[in-house]
Amino acid sequence: MKRLTMHLWPVVFGMALLAAWHGLVIFYALPEYILPGPVAIAQSLWIDGPDLLGSLIVTLQVTLAALVLAAFTGAGLAILLVQFRVLEKMLFPYAVFLQVTPIVTVAPFIIIWVDDVFFVLLILAWMAAVFPIISNTLLGLKSVDANLRDLFRLYGATRSQTLRRLLLPSALPYFLGGLRISGGLALIGTVVAEMVAGTSGQSSGLAARLLEASYRLELSRALACFVLLSVTGYGIYLVLNWVSHRLLRHWHESEMEEGH
Amino acid sequence: MALEPIKTILDIKGVSKTFESGTHALERVTLKVSEGSFVALVGPSGSGKSTLLRIVAGLLSGTSGSIGHDLNDDVIANDIGFVFQDPTLMPWATIAENVAIPLRLRLKGLGNAEIDKRTQEVLAWVGIDAFKNAFPRELSGGMRMRASIARALTTQPSLLLLDEPFAALDEFTRAQLNEDLLNLWEDQRWTGIFVTHSIREAVFLAERVVVMSPRPGRVIADIEIPFVYPRTPDLRNDHAYSDICADISNRLASAITDAEL
Ligand SMILES: Nc1ncnc2c1ncn2[C@@H]1O[C@H](COP(=O)(O)OP(=O)(O)OP(=O)(O)O)[C@@H](O)[C@H]1O
Ligand SMILES: [Mg+2]
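Given the structure is predicted, the values throughout are model-derived calculations rather than measurements. (Residues numbered from 1 in each chain as written. Chains lettered and ligands numbered in written order. Predicted model: local features only at pLDDT ≥ 70, side-chain atom pairs only at ≥ 80, totals over all residues. Heavy atoms only, no water.)

Enquirer: Teacher, can you tell me more about the overall build of chain A here?
Expert: Each helix and strand in chain A was counted, giving 9 helices and 0 strands. For chain A, the succession of helices and strands along the chain, N to C, is α-α-α-α-α-α-α-α-α. Its C-alpha atoms give chain A principal-axis dimensions of roughly 75 × 60 × 25 Å. Burial statistics for chain A: of 260 residues in total, 39% are counted as buried. In chain A, of all internal contacts separated by at least 6 residues, the share reaching a separation of at least 24 is 72%. Of the roughly 14,700 Å² that chain A leaves accessible, carbon and sulfur atoms contribute 71%. When the 16 positive and 15 negative side-chain charges of chain A are each reduced to one mean point, those points stand 13 Å apart. (Helix = DSSP H or I, 4+ residues; strand = E, 2+ residues; numbered from the N terminus. Buried < 20%, exposed > 50% of the residue type's maximum accessible area, 1.4 Å probe, protein only. Contact = heavy atoms within 4.5 Å. Areas by Shrake-Rupley, 256 points an atom, 1.4 Å probe, with all protein chains shown as cover. Lys, Arg positive; Asp, Glu negative; His and termini not counted. Charge placed at Lys NZ, Arg CZ, Asp CG, Glu CD.)

Enquirer: Sorry if this is basic, but what is going on with the packing of aromatic side chains here?
Expert: Think of a pair of aromatic rings as described by two things: how far the centres are apart, and how the planes are tilted against each other in angle. Applying the stated rule across the entire model yields 14 aromatic pairs over all chains. Between the aromatic rings of Phe38(B) and Trp190(B), the centroid separation amounts to 6.2 Å while the plane-to-plane angle is 50°, which identifies the pairing as tilted. With Phe38(B) in strand S3 (residues 38–42) and Trp190(B) in the loop between helix H5 (171–188) and strand S7 (191–195), the pair connects residues that are 152 residues apart, well separated along the chain. Assigned by exposure class, Phe38(B) and Trp190(B) land together as buried. Three or more aromatic residues link up through ring pairs in this structure, and these residues are Phe38(B), Phe166(B), Trp185(B), Trp190(B), Phe194(B) and Tyr229(B). Over the ring of Phe84(A) we find Arg159(A), and its NZ or CZ is 5.6 Å from the ring centre. Sitting over the ring of Tyr229(B), Arg231(B) keeps its end group 4.1 Å from the ring centre. (Phe/Tyr/Trp six-rings, centres within 6.5 Å; stacked < 30°, edge-to-face > 60°. Lys NZ or Arg CZ within 6 Å of the ring centre and 35° of its normal.)

Enquirer: Just to check I follow, could you spell out the sheet that holds strand S4 (residues 64–69) of chain B for this structure?
Expert: Strands belonging to one sheet form pairs held by backbone hydrogen bonds; the direction of such a pair is parallel or antiparallel. All names here are of chain B. Read from one edge to the other, the open sheet built from 3 strands follows the order S2-S1-S4, with strand pairing classed as antiparallel. A single partner strand is all that each edge strand has here, and the edge strands are strand S2 (24–34) and S4. The sheet shows a mean angle of 10° between the axes of neighbouring strands, taken without regard to direction. Direction of pairing for strand S1 (residues 8–18) relative to S2: antiparallel, over a ladder of 7 bridges. Its bridge partner being in S2, Thr 18 is matched across the sheet by His 24. (Pairing = 2+ DSSP bridges. Axes fitted to C-alpha atoms, helices over the stretch in contact; angles between N-to-C directions.)

Enquirer: So what exactly am I meant to see when it comes to the domain arrangement of chain B here?
Expert: Interfaces are frequently sized by the accessible area removed from exposure as the parts join. Residue and element names in this part refer to chain B. According to the domain assignment, chain B contains domain 1 (7–71 + 158–238) and domain 2 (88–157). Using C-alpha coordinates to define each centre, domain 1 is positioned 24 Å away from domain 2. Taken together, the contact pairs 14 residues of domain 1 with 11 residues of domain 2. Buried surface at the junction of domain 1 and domain 2, summed over both partners, amounts to about 970 Å²; 72% is from carbon and sulfur atoms. Looking at the side of domain 1 facing domain 2, the largest losses of area belong to Leu 160, Leu 177 and Leu 184, adding up to 37% of the total buried there. At the junction of domain 1 with domain 2, the criterion picks out 1 salt bridge. Connecting domain 1 to domain 2 are 1 residue pair in polar contact (both at pLDDT 80 or more). (Domains from an automatic or database assignment. Buried area = accessible area lost by both parts, 1.4 Å probe. Salt bridge = Lys/Arg side-chain N within 4 Å of Asp/Glu carboxyl O. Polar contact = N/O pair within 3.5 Å; in protein donor to acceptor, adjacent residues only side chain to side chain.)

Enquirer: Please clarify how the site of ligand 1 should be interpreted in this entry.
Expert: Residue and element names in this part refer to chain B. If you check the shell around ligand 1, you find 15 residues, and the closest are Ser 45, Lys 49, Ser 50, Thr 51 and Arg 215. At 3.2 Å, a backbone N or O of Ser 47 approaches an oxygen atom of ligand 1. Here an oxygen atom of ligand 1 and a backbone polar atom of Gly 48 are 3.0 Å apart. Surface burial for ligand 1 is 65%, taken as the share of its 630 Å² of free accessible area covered by protein chains. In terms of residues, the shell around ligand 1 owes the most to one element, helix H1 (residues 49–56), which gives 3 residues. (Near = heavy atom within 4 Å.)

Enquirer: How should the pairing of S1(B) be read in this particular structure?
Expert: Where a strand is regular, its side chains alternate between the two sheet faces. The buried fraction of S1(B) amounts to 8 of the 11 residues, a majority that puts the element mostly inside the structure. Linkage of S1(B) to S2(B), two consecutive antiparallel strands, is achieved through a turn of 5 residues, within which Gly22(B) is found at a positive phi near 100°.

Enquirer: Help me understand unusual backbone geometry, please; the structure alone is not making it clear to me.
Expert: Trans is the prevailing form of peptide bonds, just as negative phi is the prevailing case for residues other than glycine. Residue and element names in this part refer to chain B. Put simply, Arg 215 and Pro 216 share a cis peptide bond, and its omega is -5°. Tracing the backbone through its elements, the reader meets Pro 216 in the loop between strand S8 (208–212) and strand S9 (219–224). Residue Tyr 229 is joined to Pro 230 through a cis peptide bond whose omega torsion reads -5°. Positive phi, close to 45°, is recorded for Glu 164, a residue that is not glycine. Tracing the backbone shows Glu 164 in the loop between strand S6 (159–163) and H5.

Put into C-alpha cells, the structure is as follows:
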C-alpha cells in the first residue's frame, strides 16, 4: 500500500503541472505559435502520431545502433588499454578529447566526409556515447580485488582465463553503469546530429521533424515530437536499468533487493 | 612403532624481505616444516607473517634467502592451498563455482563431471554442500570462510597456508571452525601453516607455535605443544594449556618491549 502511494507521487506532480499549464494557456489565451496547451499537444500526438512514429523509428535505429557500437568499441578499447598500460598512457587523453569536444563542432566535417546520412548520424551519436563506457569499464577492470588476483596467480591462470573469469565479471557493474549513462547520451547525440545534418521529410528522424515543425510555427506538432523523444529517452533508461538488474541481481550491492 | 625419518616439506633458509618502499619486513627467517605437521605462526602486527606466507606461496619473492619445497615439483600451485583473511570469494559465482575455480584454472583437462564430483566432495568435507547453489552474499561469515577453506582444499594440496582465516568471526563460530579444521587435518594430514593473532587459537590448533618478533620479523621462539590429538574443547580449560599460552604471551610481550626500547 505504502509502495503504491510512493509510485503515485510523480503522477500527482505531473498532473498538477499539466493542469497549471492548461490554466495558463486558457487564462492568457495564448496562440498555438507561442505556446500550445497540453490538450493541443495531445491532439497533435493523436493525429500526427502515425506519421511521426516512422520518424521515431529512424531516430531509434540510429540511437540503438550507436549505443551497441559504443558498448562494443568502448568495452573492447577498455580491455585493450588495461592489458597494455603503455597503450592507455598513449590513447586515453584522446578519449578525453572525444568526450569534451562538443559534437556540434565536429558535425560539419563529418557531413562533408561521409555521404550516407545514416552513417553521419551514427558516427556523431557514437562519439557522444562512447566515453562513459570506456572510462567506467576501465575503472572496473582496475578495481579487481587484490586477493582474488593473487588467487588467480597462485593457480597459474592464463591471461585469457584471468580476463574471462576475473576481470570481465569484476568490471560488469561498472560497464553497465557506463551503459546507462551512454543510453541517454546516444539519444542526445542522435538528436543533435539530426538537427545539424538538417534533413527533412518523412524519412528523416524525429529531431529533424521537430525542427521543421518549429520553423513552420506548428508548435503543437513540435512539442509532440519533443514528448515522443523524452518518452523514448526515459524508455531507454528503463530498459537499461532492467538489463542491469537482471545481470547483477544475484550478487551486486547496487541491485540487491531491500531486506536482504 | 618404527621410526621413520621425518620428511621436511618446507625449508625456509634465511629469508629476508625489504619492500621497494624501504619497509624491512623480514630478517633472515629460518624455519623447517616437516610433512604433515601443523604449525602456527604468531607475532605482532606488521611482523611480516603475511609477507612470509606470500613468499612461500610464490606470490612474492624474497630479497634474499631461499625457499626449499618438497612439493609436487611439476605444478607447485597444485600443491599449495592459500586461505586469505577475507573469504575472497567471487561474488558473481555460486559457492560451487567458487570452490571449483582452482580446478578450472589449474587442471584444464578435467571434465565437468569430474569437477562437479570433486567439488561436491570438498563441500561435504567442510559441511556446506547444502549451500552449493547459493551466492556468497547469501551466506554468513562463517559459512563463507568454510567455502574459502573448501576452495583451498579442492586441489588436495600437500601444504595449506592460512593467513588469519578466522580473525573476523565471532568467538563461537571461530571455536567451531577450529575444531572442524583440526578434524580435517587429522583425516587428511596436509601440512598446515596457520597465522593468527590469537595465542589461544595457536596453542589449541598447532603442534608447534612459532613466535615472530616485531618488524623486521625474525623467529624468536619455536615451541612444541605437547597435547595429543584429537584435541577437544575441554583443552581450553586445561591448566597446562593456559600455562603455555601465558608463556608465549610473555615472550611476545617482552619482544615487543625490547623492540620499543
Ligand atoms: N606490498 C607491500 N609493499 C610495501 N610494504 C608492504 C607490502 N606488504 C606489506 N608491507 C609492509 O610490510 C610489513 C609486514 O607486513 P605483513 O602484512 O607481512 O605483516 P603481518 O605480520 O601479516 O601483519 P598483520 O598481523 O597486521 O597482518 C608491514 O609494515 C607492511 O606495511
Ligand atoms: Mg597479515
